[in-house]
Amino acid sequence: GVFAKHFIAGALRVIVSVIIGVALAVPAGLGMGQIRLLDRIFSPIVAIVYPIPKIVFLPIILLFFGATDVAKILTIVLILFFQILVPVRDDAAGLRPELLNSVKSLGAGRRALFRLVYLPASLPAVLTALRLSVGTAIAVLYITETTATLLGLGYYIFYTSSTLFDYAATYAGAVAMGILGLVLYFFIDWLERRLCPWKFVA
């Protein structure tokens, strides 16, 4: 029962972080990819911030938000945001002009282009970035849950190894993290088959 509580707490933090990261990064990436002015303004900022290990902001986030789930989720979102933003921006910017012109010739405005062209064309890049981000999110989860918390897989692994010296429980926690990543990976794979059926047409 105790192990299940730690697993559920960790899984919820990862899932919420991924959802928020995608909700923020995808529109931002599509916007930068299709609006050159936005790209010129924000690309230098992205280039500067992207290489910085975002985990260094954890003490500052803890200072403002305390030892709460918000602080842990925000740390993970901060890392995922740039991992998703960059490939989505590049994919949206690389769309063929003739594809855009054919839709514009039918009277489509910017909103219709976003919904009918940019978003469907960028879905494979979004899902690929999401696959990579899930592994990162779980790795960062461990770091965030070893700081100022008493619940979560990261805390469970840290506590059982450094305090109880119960290495069987420690490796059980590590396996649980792997299973969480595997479940999320297969969910994204299922999502890709539903949202991008053209990729699987023989």
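The structure contained in this document is the topic of the report that follows. (Residues numbered from 1 in each chain as written. Predicted model: local features only at pLDDT ≥ 70, side-chain atom pairs only at ≥ 80, totals over all residues. Heavy atoms only, no water.)

Right, let's talk about the overall build of the protein chain for a bit. From N to C terminus, the protein chain includes eight helices and zero strands. What you see in the protein chain, going N to C, is helices and strands ordered as α-α-α-α-α-α-α-α. When the backbone C-alpha atoms are referred to their principal axes, the protein chain occupies close to 65 × 40 × 20 Å. Across the protein chain, the fraction of contacts at a sequence separation of at least 24, relative to all contacts at a separation of at least 6, is 75%. Charge separation in the protein chain, taken as the distance between the mean sites of 16 positive and 9 negative side-chain charges, equals 8 Å. (Helix = DSSP H or I, 4+ residues; strand = E, 2+ residues; numbered from the N terminus. Contact = heavy atoms within 4.5 Å. Lys, Arg positive; Asp, Glu negative; His and termini not counted. Charge placed at Lys NZ, Arg CZ, Asp CG, Glu CD.)

Along helix α7 (residues 153-162), seven of the 10 residues are buried, which leaves the element largely enclosed by surrounding structure. Where α7 is concerned, the buried positions are L153, G154, Y155, Y156, I157, T160 and S161. (Buried < 20%, exposed > 50% of the residue type's maximum accessible area, 1.4 Å probe, protein only.)

Next up on the list: the packing of helix α1 (residues 2-34) against α7. Here α1 crosses α7 at 130°, and the two axes come no closer than 7 Å. One element, α1, and the other, α7, form an angle in the oblique class. Residue-level contacts link F3, H6 and F7 of α1 to L153, Y155 and Y156 of α7. (Axes fitted to C-alpha atoms, helices over the stretch in contact; angles between N-to-C directions. Parallel < 35°, antiparallel > 145°, perpendicular 65-115°, else oblique.)

This part is about the packing of α7 against helix α8 (residues 167-195). One way to put it is that α7 packs onto α8 with a least axis distance of 8 Å and a crossing angle of 160°. Classed by the angle they form, the pair α7 and α8 counts as roughly antiparallel. Two packed elements cross with a definite hand, and for α7 against α8 that hand is left-handed. Of α8, the residues touching α7 (which contributes L153, G154, Y156, I157, T160 and S161) are Y167, A169, T170, G173, A174, A176 and M177. Tallied by class, residues from the contact of α7 with α8 come to eight nonpolar, five polar and no charged. (Left-handed = near helix turned anticlockwise from the far one by under 90°. Nonpolar A, V, L, I, M, F, W, Y, C, P; charged D, E, K, R; others polar.)

Take the pattern of salt bridges next. Within this structure, the stated rule accounts for six salt bridges. Across the salt bridge formed by D90 and R89, the nearest N and O atoms sit 3.0 Å from each other. Residue D90 is classed as partly exposed on the basis of its relative accessible area, which comes to 41%. Residue classification places R89 among the buried positions, given a relative accessible area of 16%. (Salt bridge = Lys/Arg side-chain N within 4 Å of Asp/Glu carboxyl O.)

Ranked by size, the top nonpolar core spans 39 residues in total, and within it V14 and I84 carry the most contacts. Looking at this core, the elements with two or more residues in it are α1, α4 (69-93), α6 (110-145), α7 and α8. If you tally residues by element for this core, the top one is α6, at 13 residues. Here V14 is in contact with A137, I138, L141, L180 and L184, once residues within four sequence places are set aside. (Core = buried A, V, L, I, M, F, W, Y, C linked by side-chain atoms within 4.5 Å.)

Turning next to α8. Counted at 1.5 Å a residue, the expected span for α8 with its 29 residues is 42 Å, and the 42 Å between its end C-alpha atoms agrees. For α8, every residue scored as buried is listed here: A169, T170, G173, A176, M177, L180, G181, L184, I188 and E192. (Expected span 1.5 Å × (residues − 1).)

What follows concerns unusual backbone geometry. In this structure, F165 takes a positive phi of about 55° despite not being glycine. Topologically, F165 is positioned in the loop between α7 and α8.

The next point concerns the side chain of S122. Note on placement: S122 falls in helix α6. Ignoring any residue separated from it by four or fewer positions in sequence, one finds S122 in contact with L30, V88, D91 and A92.

A surface patch of nonpolar side chains, about 630 Å² in accessible area, is lined by I60, L63, F64, F65, V70 and L74. Among the secondary structure elements, those contributing two or more residues to the nonpolar patch are α3 (58-65) and α4. Ranked by residue count, the leading element in the nonpolar patch is α3, at four residues. Along the chain, L74 falls in helix α4. (Patch = residues over 30% accessible without salt bridge, like charges linked within 9 Å, V, L, I, M, F, W, Y side chains within 5 Å. Areas by Shrake-Rupley, 256 points an atom, 1.4 Å probe, with all protein chains shown as cover.)

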